[in-house]
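# A structural walkthrough
Residues per chain are reported as follows:
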Amino acid sequence: MRILLAEDDHLIGSAIEQRLKEEAHALDWVKDGESALSAINNLDNSKGYDVLLLDIGLPRKDGFHVLQQLRASNNSLPIIIITAQDGVDERVKGLDLGADDFLVKPFAMKELLARIRAVSRRHQGTGKPRYGNGILELDPVTHRVSRADVDVVLTAREFSLLQALMVRPGAILSRSKLEDHIYGWNEEVESNAIEFTIHSLRKKLGADAIKNVRGVGWMVDQNT
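Just so you know, these numbers come straight off a predicted model, no measurement behind them.

Moving on, we get to the overall build of the protein. If you tally the helices and strands in the protein, you get 8 helices and 11 strands. Against the compact-globule benchmark of 17 Å for 224 residues, the protein has a radius of gyration of 18 Å, which places it among compact chains. In the protein, which comprises 224 residues, the proportion classed as buried is 48%. Contacts in the protein between residues at least 24 apart in sequence constitute 61% of all its contacts with a sequence separation of at least 6. Separation of charge centres in the protein, based on 29 positive and 33 negative side chains, amounts to 6 Å.

See the structure below:
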């Protein structure tokens, strides 16, 4: 997933950034509310974000105002509030303004990851914790990928790219959309990285696992 983190605490932000990148997510990190809104509304961001991790005590514009402005503009981006404010009134206010979940600092990273997966599934309209199309099965919790019930070991980048395709079997994703899934702002996009990763995935999963639609992009088959 491509995730936007709005957090002004450097230590907390760095810890989240490191863990999410270890989990093969693409992360963009901003440190104030105005920058969060600019990132979301950036017309150059062709894919958009899958989840926003939103601190309440942000400078320039606090998290409640960011949340309120996004929902007032009918933006349905899944939003998880992360904050040190643990009062009931703060939780109620955030949820009433349209947040999808609320996590109080300090929190365990594995809980944050589980909540990200949960709100993403709800946003996609599915309760399934795994993705499959009758040929491949991918579990984002355990990072397990299998074909015909045989486990296949993937690198973090291979897993991230395959997950982007498995979320919507039958949908064609272009090079730029796949790059959005596996690269954050500060990461250099390597030449032919997508082709190299797909070639590696086909060697591990079979030549028919990922199909190329010439001049358009790549896809995995719909459920068979």
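For a regular strand, side-chain orientation follows a simple rule: the groups alternate between the two sheet faces. Counting buried residues along strand β3 (residues 51–55), 5 of its 5 residues qualify, which places the element largely inside the surrounding structure. Direction of pairing for strand β1 (residues 2–6) relative to β3: parallel, over a ladder of 4 bridges. Within the sheet, the bridge partner assigned to Leu 4 lies in β3 and is Leu 52. Here 4 bridges tie β3 to strand β4 (residues 79–83), and the two strands are oriented parallel to one another. Residue pairing in the sheet places Leu 54 in a bridge with Ile 81 of β4.

Looking now at helix α7 (residues 175–182). Residues of α7 that are buried include every one of Leu 178, Glu 179, Asp 180, His 181 and Ile 182, and no others. Buried positions along α7 lie against β1, β2 (26–30), α6 (156–166), α8 (193–205) and β11 (217–219).

Here the focus is the packing of helix α2 (residues 33–41) against helix α3 (residues 63–72). Remark: α2 packs on α3, axes separated minimally by 9 Å, with the N-to-C direction vectors making an angle of 25 degrees. Classed by the angle they form, the pair α2 and α3 counts as roughly parallel. Remark: the crossing between α2 and α3 carries right-handed chirality. Where α2 approaches α3, its residues Gly 33, Leu 37 and Ile 40 are matched on the opposing element by Val 66, Gln 69 and Leu 70. Partitioning the contact of α2 with α3 into residue classes produces 4 nonpolar, 2 polar and no charged.

Before going further, it helps to spend a moment on the packing of aromatic side chains. Geometrically, a pair of aromatic rings is defined through the distance of the ring centres and the angle of the planes. A complete count under the given rule lists 0 aromatic pairs for this structure. Over the ring of Trp 29 we find Lys 31, and its NZ or CZ is 4.0 Å from the ring centre.

Below, the discussion takes up the pattern of salt bridges. Applying the stated criterion to the full structure yields 16 salt bridges. Of the charged contacts in the structure, one is a salt bridge between Arg 144 and Glu 137, with a shortest N-O distance of 3.6 Å. Arg 144 gets classed as partly exposed once you look at its relative accessible area, which sits at 29%. We classify Glu 137 as partly exposed; its relative accessible area is 29%. What you see here is one network of salt bridges that share partners, running through Glu 7, Asp 55 and Lys 105.

If you walk across this open sheet you meet the 4 strands as β6-β7-β8-β9, and the pairing is antiparallel. Both edges of this open sheet fall to β6 (131–132) and β9 (150–152), since each of them pairs with a single strand only. As paired elements, strand β7 (residues 136–139) and strand β8 (residues 144–147) share 4 bridges and run antiparallel to each other. What sits directly across from Leu 138, in β8, is Val 145.

Running from N to C, helix α1 (residues 10–22) and helix α5 (residues 109–123) point in directions that differ by 65 degrees, and their axes come no closer than 11 Å. Our pair here, α1 against α5, has a crossing hand that is right-handed. On the side of α1, the interface is formed by Ala 15, Ile 16, Arg 19 and Leu 20, while α5 contributes Met 109, Lys 110, Leu 112, Leu 113 and Ile 116. Of the residues in the contact of α1 with α5, the class split is 7 nonpolar, no polar and 2 charged.

The rules behind these values
Residues numbered from 1 in each chain as written. Predicted model: local features only at pLDDT ≥ 70, side-chain atom pairs only at ≥ 80, totals over all residues. Heavy atoms only, no water. Helix = DSSP H or I, 4+ residues; strand = E, 2+ residues; numbered from the N terminus. Rg over C-alpha atoms; globule rule 2.2 N^0.38 Å. Buried < 20%, exposed > 50% of the residue type's maximum accessible area, 1.4 Å probe, protein only. Contact = heavy atoms within 4.5 Å. Lys, Arg positive; Asp, Glu negative; His and termini not counted. Charge placed at Lys NZ, Arg CZ, Asp CG, Glu CD. Pairing = 2+ DSSP bridges. Axes fitted to C-alpha atoms, helices over the stretch in contact; angles between N-to-C directions. Parallel < 35°, antiparallel > 145°, perpendicular 65-115°, else oblique. Left-handed = near helix turned anticlockwise from the far one by under 90°. Nonpolar A, V, L, I, M, F, W, Y, C, P; charged D, E, K, R; others polar. Phe/Tyr/Trp six-rings, centres within 6.5 Å; stacked < 30°, edge-to-face > 60°. Lys NZ or Arg CZ within 6 Å of the ring centre and 35° of its normal. Salt bridge = Lys/Arg side-chain N within 4 Å of Asp/Glu carboxyl O.

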